[in-house]
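# Fold and geometry: a report
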Amino acid sequence: MGLLTFSLNVTLDGCVDHQEGIADEETHAFFTRLMDEGGAMLWGRITYEMMESYWPAVARGEVEAPPSIREWAVKLEAKPKYVVSSTRKDFPWINSHHITDDLRAGVQRLKDATPAGVLLGSGNLATELERLDLIDEYRFLIHPRIAGHGPTLYQGGLPNTRRLKLVSAKPLRNGAVTMHYRRER
């Protein structure tokens, strides 16, 4: 069984608005490595639609981008992408699949079928999966910024505190810090 790893950009005050992070070659290289290590991506509908609206065009060369960002887009294009949605049924982006089962069963089946692990990149979906006790690891990129607004990490609340064990922490040249935690069970 593969691990479900929640990975996201987050500011020092917990903001997970994708526009608040540092988007440079170093941060894209970090997320490209994470994607390379995993077997599949898992998103909610909103994140899927945001990604679908931009990254395929970068992968096709229709949008100018530095080499590291184009590399991310090409690899993302090839990576299996799973989407949880109760409102949308059609996901035409290449290698996209809809999880149609009960959320717990569908995500557990995906974990079981993906030995290299699944990379989760949606904040709202992470809250639901955290409540179902399905997240195994956290790989956050902490940005040296205070946004002063939301959305924030787990802003909907959780039923109880999660204890984590630090696996690694590494500062980047741009001032961000990669944080890798594992759930203590």
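Scroll up to find the structure this text is about.
All values reported here derive from a predicted model rather than from experimental measurement.

Counting 21 residues, the largest nonpolar core has Met-41, Trp-43, Met-51, Trp-55, Trp-72, Leu-76 and Trp-93 as its most contacted members. Excluding residues that lie within four positions of it along the chain, Met-41 makes contacts with Met-35, Trp-72, Leu-76, Lys-79, Pro-80, Lys-81, Tyr-82, Val-118 and Leu-119. One finds Val-16, Ile-99, Leu-125 and Ala-126 within the second-largest nonpolar core, a separate group that totals 20 residues.

Quick look at the packing of aromatic side chains now. The relation between two aromatic rings is expressed through the spacing of the ring centres and the mutual angle of the planes. Counted by the stated rule, this structure contains 10 aromatic pairs. Seen in terms of ring centroids, Phe-30 and Phe-31 are 4.9 Å apart; in terms of plane orientation they differ by 70 degrees. Their pairing is edge-to-face. The exposure class of Phe-31 is buried, given its relative accessible area of 13%. Measuring from centroid to centroid gives 5.8 Å for Tyr-48 and Trp-93, while their planes differ by 50 degrees, and the two rings are tilted. In this pair, Tyr-48 is assigned in helix 2 (residues 45–52) and Trp-93 in the loop between strand 3 (81–84) and strand 4 (96–99), connecting sequence segments 45 residues apart. Neither Tyr-48 nor Trp-93 differs from the other in exposure class; each is buried. The rings of Phe-6, Tyr-138, Phe-140 and Tyr-154 are connected pair by pair, giving a single aromatic cluster. In this structure, Lys-81 packs its charged tip against the face of Trp-93, placed 4.7 Å from the ring centre.

The next subject is helix 5 (residues 103–113). An α-helical turn contains 3.6 residues, so any two residues separated by three or four positions project in the same direction. Residues Gly-106, Val-107, Leu-110 and Lys-111 constitute the buried set of helix 5. Projected down its long axis, helix 5 carries its buried residues within an arc of 135 degrees, all on one side. Buried residues belonging to helix 5 abut strand 1 (4–11), strand 2 (40–44), strand 3, strand 4, strand 5 (118–120) and helix 6 (123–131). Here helix 5 starts with a cap whose side-chain oxygen sits 3.3 Å from the backbone nitrogen of Arg-104, and that cap is Asp-102.

To continue, consider the sheet that holds strand 8 (residues 177–183). Strand order in the open sheet formed by eight strands is 4-3-2-5-1-6-8-7, and the pairing between neighbours is mixed. Of all the strands in the sheet, just strand 4 and strand 7 (164–171) have a single pairing partner and so form its edges. For this sheet, the mean angle separating the axes of adjacent strands, direction not counted, is 25 degrees. In this sheet, strand 6 (residues 137–143) lies alongside strand 1 in parallel orientation, the contact comprising seven bridges. The partner of Phe-6 across the bridge, within strand 6, is Tyr-138. Across the sheet, helix 1 (residues 25–37) lies against strand 1, strand 2, strand 5, strand 6 and strand 8, angled at about 170 degrees from strand 6, the strand it touches most.

The rules we used
Residues numbered from 1 in each chain as written. Predicted model: local features only at pLDDT ≥ 70, side-chain atom pairs only at ≥ 80, totals over all residues. Heavy atoms only, no water. Core = buried A, V, L, I, M, F, W, Y, C linked by side-chain atoms within 4.5 Å. Buried < 20%, exposed > 50% of the residue type's maximum accessible area, 1.4 Å probe, protein only. Contact = heavy atoms within 4.5 Å. Phe/Tyr/Trp six-rings, centres within 6.5 Å; stacked < 30°, edge-to-face > 60°. Helix = DSSP H or I, 4+ residues; strand = E, 2+ residues; numbered from the N terminus. Lys NZ or Arg CZ within 6 Å of the ring centre and 35° of its normal. Arc of directions from axis to C-beta. Polar contact = N/O pair within 3.5 Å; in protein donor to acceptor, adjacent residues only side chain to side chain. Pairing = 2+ DSSP bridges. Axes fitted to C-alpha atoms, helices over the stretch in contact; angles between N-to-C directions.

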